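# Chain and residue survey
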Amino acid sequence: MTMHIAKAAFLIAALSPSAVRAAPDTRHMAALQEEGRAVFKENCASCHGPGIGNPGLAHKPGTAALQAKYAGAVPALLEQRTDMAPEMIAYFVRNGISVMPMFRKTEVSDAQLRALEAYLTRNSKPPRR
Ligand code: HEC
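Read on for an overview of the structure. Values in this document were obtained by computation on a predicted structure and should not be read as measured data.

### Some remarks on the packing of helix 5 (residues 86–95) against helix 6 (residues 110–120)
In the contact formed by helix 5 and helix 6, the axes pass within 9 Å of each other and the chain directions differ by 130 degrees. One finds that helix 5 runs oblique with respect to helix 6. When you trace helix 5 past helix 6, the crossing you get is right-handed. Mapping the contact onto sequence places Pro86, Ile89, Ala90, Val93 and Arg94 in helix 5 and Asp110, Leu113, Arg114, Leu116, Glu117 and Leu120 in helix 6.

Written as structure tokens, this is what we have:
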């Protein structure tokens, strides 16, 4: 008897609209983040990746600049940050800063930028109010 109730409760939960919507969204998000990881590797990792920079430099230029800027308050590696918002990433990608070039839509499309945002904010906490 308890088994039947448990099964019924499971079915009701599984068939509720929120459960039906949640599954595809999660799959979509995972695919988007995976695409974003590839976009990052292709366009950003040369400056924002781990490992040493040009001969004589301890870090790649983006990682080195962010290490100097934040002095360890946030990770120097963009892929480890938990404080970035999609709008902020889009701003820097489309405008550039210092030695970071701006990326045109023919280089990183809007769709690729959305994927990049999904990847780089995958561990972000909701903004503080
Ligand atoms: C030629 C090297 C270079 C490339 C390529 C590059 N960046 Fe940067 N990026 C930098 C540097 C250097 C800074 C820091 C500039 C400063 O504030 O002094 C930076 C800063 C940023 C910031 C601001 C972070 C902060 O907290 O201030 C973001 C976001 C960013 N880059 C994202 C990207 C993304 C995404 C890509 C790939 C589409 C990319 N960058 C490609 C060099 C690069």
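From this point, things continue past the structure.
### Here we look at the nonpolar core
By size, the foremost hydrophobic cluster in this structure holds 15 residues, and its most contacted members are Phe40, Leu78, Val93, Leu113, Leu116 and Leu120. Elements with a contribution of two residues or more to this core: helix 2 (17–43), helix 5 and helix 6. A total of four residues in this core trace back to one element, the largest contributor, which is helix 6.

### Comments concerning the site of the ligand
The full set close to the ligand counts 22 residues, and Cys44, Cys47, His48, Tyr70 and Met100 are the nearest of them. His48 is positioned with one of its side-chain polar atoms (N or O) 2.8 Å from a nitrogen atom of the ligand. With respect to the ligand, the side chain of Arg81 contributes an N or O atom lying 3.0 Å from an oxygen atom. Contributions of two or more residues to the shell around the ligand are made by helix 3 (45–48), helix 4 (61–70), helix 5 and helix 6. At six residues, helix 4 tops the list of elements feeding residues into the shell around the ligand.

### Looking at the packing of aromatic side chains
Considering all chains together, one arrives at two aromatic pairs under this definition. Their ring planes at 85 degrees and their centres at 5.5 Å tell us that Tyr91 and Phe92 sit as a pair that is edge-to-face. Looking at Phe92, the relative accessible area reads 22%, which means it is partly exposed.

### Re the coordination of the iron atom of the ligand
The protein atoms that coordinate the iron atom of the ligand are His48 (NE2) and Met100 (SD), at distances of 2.0 to 2.2 Å. Considering all six donor atoms around the iron atom of the ligand, the spread of angles at the metal, 86 to 179 degrees, places the coordination shape in the octahedral class. You can see His48 sitting in helix 3 and its partner Met100 sitting in the loop between helix 5 and helix 6, a full 52 residues away along the chain. Residue His48 is classed as buried on the basis of its relative accessible area of 11%.

### Comments concerning the side chain of Thr63
Here Thr63 lies in helix 4. A distance of 3.3 Å separates a polar side-chain atom of Thr63 from the backbone oxygen of His48. Among the polar contacts made by the side chain of Thr63, one reaches the main-chain carbonyl oxygen of Gly49 at a distance of 2.8 Å. Residue contacts for Thr63: discarding those within four places in its chain leaves Cys47, His48, Gly49, Ala76 and Leu77.

Criteria and cut-off values
Residues numbered from 1 in each chain as written. Predicted model: local features only at pLDDT ≥ 70, side-chain atom pairs only at ≥ 80, totals over all residues. Heavy atoms only, no water. Axes fitted to C-alpha atoms, helices over the stretch in contact; angles between N-to-C directions. Helix = DSSP H or I, 4+ residues; strand = E, 2+ residues; numbered from the N terminus. Parallel < 35°, antiparallel > 145°, perpendicular 65-115°, else oblique. Left-handed = near helix turned anticlockwise from the far one by under 90°. Contact = heavy atoms within 4.5 Å. Core = buried A, V, L, I, M, F, W, Y, C linked by side-chain atoms within 4.5 Å. Buried < 20%, exposed > 50% of the residue type's maximum accessible area, 1.4 Å probe, protein only. Near = heavy atom within 4 Å. Polar contact = N/O pair within 3.5 Å; in protein donor to acceptor, adjacent residues only side chain to side chain. Phe/Tyr/Trp six-rings, centres within 6.5 Å; stacked < 30°, edge-to-face > 60°. Donors = N, O, S within 2.8 Å, 3.2 Å for Na, K, Ca; no water. Tetrahedral: all angles 85-135°; square planar, octahedral: opposite > 155°, others 65-115°.

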